[in-house]
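Survey of secondary and tertiary structure
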Amino acid sequence: GTVYEQENYDEKDNSGGALKPLEGVKIILLDKLHTEYSLPIEIANVLTDERGHFKIEKIPPGEWTLQAVKEEYASKIVGNYRIRKGEVFYVEIILRKGLEIWGTVTDTEGNPLEGAQVVAVKIDIQQNQRVLMPVVSTDSEGKYRISGLSAGWYYLEASHPEYAVKKRSENITESKEVNFKLEVGGGIRGVVLDPERAPVQKFQAKAYLFGTSNFWEGAISAASTFSQTFNSEDGTFVINGLKEGLY
C-alpha cells in the first residue's frame, strides 16, 4: 500500500490540500478488532519508504487490521481485511497532523514522579474501535507529552510501580494539558497451581475492582481491571499499583 500526507486539512468542512507520499510511517499489522473492546494484538510492523510505499508479506489467512503511526500525525486504523490464501490487498492511507496532550504526573503532595508511564487509547464506540497511542514516560520533572491525536474521546492512564494506577476519560477537541496525581498503591501476590499442585508457568492474572460504574470505563472494560501476563517457573505472580478497594 501507500501512505499519504494531506496538508492544511480543515476538520470543520472536511477539506484539505494536495496529497504527498509520507516516509517513515510505521504500519502495524493487528489481529481483527474485537467486539468486547479488548486491544488488538500487534503481529508485525514495517516502515514506509521515500515513496510512501509499504509491503507486509506471508500473512496467514484470516481477518486483519492495519494501524498507521507517525509522530505528530493522527494515528489511523483501517480494516478489517479478510485475507484468503494467495490474495493481495492494496491499501491507501491518508494521515493528517494531529493534536497533543501534555501534563505532569505527581504524587498527592505535588512531588513530580519520574518514570511514570502514560497511555492514551482512542475510543470509537460506533465503529467498535480502540486506537492505542505509543506509551510515553515522564521525565525528571514528571512531565510527559503525547502527540498525533485525532479529535475524539480518549481513555487515559498514568501508572508508576510504587503508586496506584490513575485512569480517566477525556474528550479531546483541541490540544490541552492533562495532569495526574497518583496515590501510593498496594499489591496482590500469589501462586497459580494445576490440579496436581504443580506450578503453572505461563498464565494471565486479572484483578477486578468492585463498584466501578463510570460509563466510559465500563465501555472499554479496562479501567477497573488490572491484567498482566506472567511466565514464571514457580507459578508466582505480583500485581502492583492497585488503589484501595475490594478486589
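Residues numbered from 1 in each chain as written. Predicted model: local features only at pLDDT ≥ 70, side-chain atom pairs only at ≥ 80, totals over all residues. Heavy atoms only, no water.

Focus on the overall build of the protein chain
Helices and strands together make up the secondary structure of the protein chain, namely one helix and 20 strands. Taken across its 247 residues, the protein chain has 40% of its residues classed as buried. Of the contacts made within the protein chain by residues no fewer than 6 positions apart, 59% connect residues no fewer than 24 positions apart. Surface accessibility of the protein chain: about 14,600 Å² in total, with carbon and sulfur atoms responsible for 46%. (Helix = DSSP H or I, 4+ residues; strand = E, 2+ residues; numbered from the N terminus. Buried < 20%, exposed > 50% of the residue type's maximum accessible area, 1.4 Å probe, protein only. Contact = heavy atoms within 4.5 Å. Areas by Shrake-Rupley, 256 points an atom, 1.4 Å probe, with all protein chains shown as cover.)

Describing the side chain of Ser 232
If you trace the backbone, Ser 232 turns up in the loop between β19 (225-231) and β20 (236-242). For Ser 232, a relative accessible area of 11% corresponds to the buried category. Within polar-contact distance, the side chain of Ser 232 engages the side chain of Asp 234 at 2.7 Å. One polar contact links the side chain of Ser 232 to the main-chain amide nitrogen of Gly 235, over a distance of 3.2 Å. Sequence-distant contacts of Ser 232, that is, excluding residues within four places in its chain, are made with Val 200 and Gln 201. (Polar contact = N/O pair within 3.5 Å; in protein donor to acceptor, adjacent residues only side chain to side chain.)

Let's talk about the confidence of the model for the protein chain
Taken residue by residue, the protein chain gives an average pLDDT of 83. The fraction at 70 or more is 83%. Segment residues 213-223 is flagged for pLDDT under 50; beyond a separation of four residues in sequence, or across chains, it makes 21 contacts in the model. (pLDDT = per-residue confidence, 0-100.)

Some points on the sheet that holds strand β7 (residues 92-95)
For sheets, the rule is that strands pair by backbone hydrogen bonds, running either parallel or antiparallel. Taken together, three strands build an open sheet; the order of strands is β2-β1-β7 and the sheet is mixed. Only two strands of the sheet have a single neighbouring strand rather than two, namely β2 (19-21) and β7. Sheet twist, expressed as the average angle between the axes of neighbouring strands with direction ignored, equals 35°. (Pairing = 2+ DSSP bridges. Axes fitted to C-alpha atoms, helices over the stretch in contact; angles between N-to-C directions.)

What to know about the environment of Phe 230
As for its position among the elements, Phe 230 is in strand β19. Using a relative accessible area of 12% as the deciding quantity, one classes Phe 230 as buried. Placed 26 residues apart in sequence, Phe 230 and Gln 204 show a C-alpha to C-alpha distance of 6.0 Å. Discounting residues that sit within four places of it in the chain, Phe 230 has contacts with Gln 201, Lys 202, Phe 203, Ala 205, Thr 236, Phe 237, Val 238 and Ile 239.

Observations regarding the side chain of Thr 2
Within the secondary structure, Thr 2 sits in strand β1 (residues 2-6). Apart from the residues within four sequence positions on either side, Thr 2 is in contact with Arg 51, Gly 52, His 53, Phe 54, Tyr 90, Val 91, Glu 92 and Ile 93.

What about the nonpolar core?
For soluble globular proteins, the rule of thumb is that nonpolar side chains tend to be buried together. Formed by 19 residues in total, the largest nonpolar core has its most connected members in Ile 101, Val 105, Val 118, Tyr 144, Ile 146 and Phe 180. Contributions of two or more residues to this core are made by β8 (99-107), β9 (117-124), β12 (143-149), β13 (152-160), β14 (163-172) and β16 (180-182). Among all residues touching Ile 146, those that are not within four sequence positions of it are Leu 99, Glu 100, Ile 101, Val 118, Val 119, Ala 120, Met 133 and Val 136. (Core = buried A, V, L, I, M, F, W, Y, C linked by side-chain atoms within 4.5 Å.)

Some thoughts on the sheet that holds strand β3 (residues 26-31)
Read across the sheet, four strands follow the order β4-β3-β5-β6 without closing on themselves; strand pairing throughout is antiparallel. Where the open sheet ends on each side, the last strands, each with one partner, are β4 (42-47) and β6 (76-83). On average, each strand axis in the sheet is inclined to that of its neighbour by 25°, with strand direction left out of account. Pairing between strand β5 (residues 62-69) and β6: seven bridges, direction antiparallel.

Thoughts on the packing of aromatic side chains
One pass over the structure, following the stated rule, counts five aromatic pairs. Summarising the aromatic geometry, the rings of Phe 203 and Phe 237 are spaced 6.2 Å apart at their centres and angled 80° between planes, so their arrangement reads as edge-to-face. With Phe 203 in strand β18 (residues 202-208) and Phe 237 in strand β20, this residue pair connects regions lying 34 residues apart in the sequence. The pair Phe 203 / Phe 237 is uniform in exposure class, with both members buried. These aromatic residues form a ring-pair network of at least three members: Phe 203, Phe 230 and Phe 237. (Phe/Tyr/Trp six-rings, centres within 6.5 Å; stacked < 30°, edge-to-face > 60°.)

Focus on the environment of Lys 70
Note that Lys 70 resides in the loop between β5 and β6. Considered as a pair, Lys 70 and Val 25 are 45 residues apart in the sequence and their alpha carbons are 5.1 Å apart. In this structure, Lys 70 is in contact with Leu 22, Glu 23, Gly 24 and Val 25, ignoring residues within four places of it in sequence. Only 3.1 Å separates the side chain of Lys 70 from the backbone oxygen of Glu 23, close enough to count as a polar contact.

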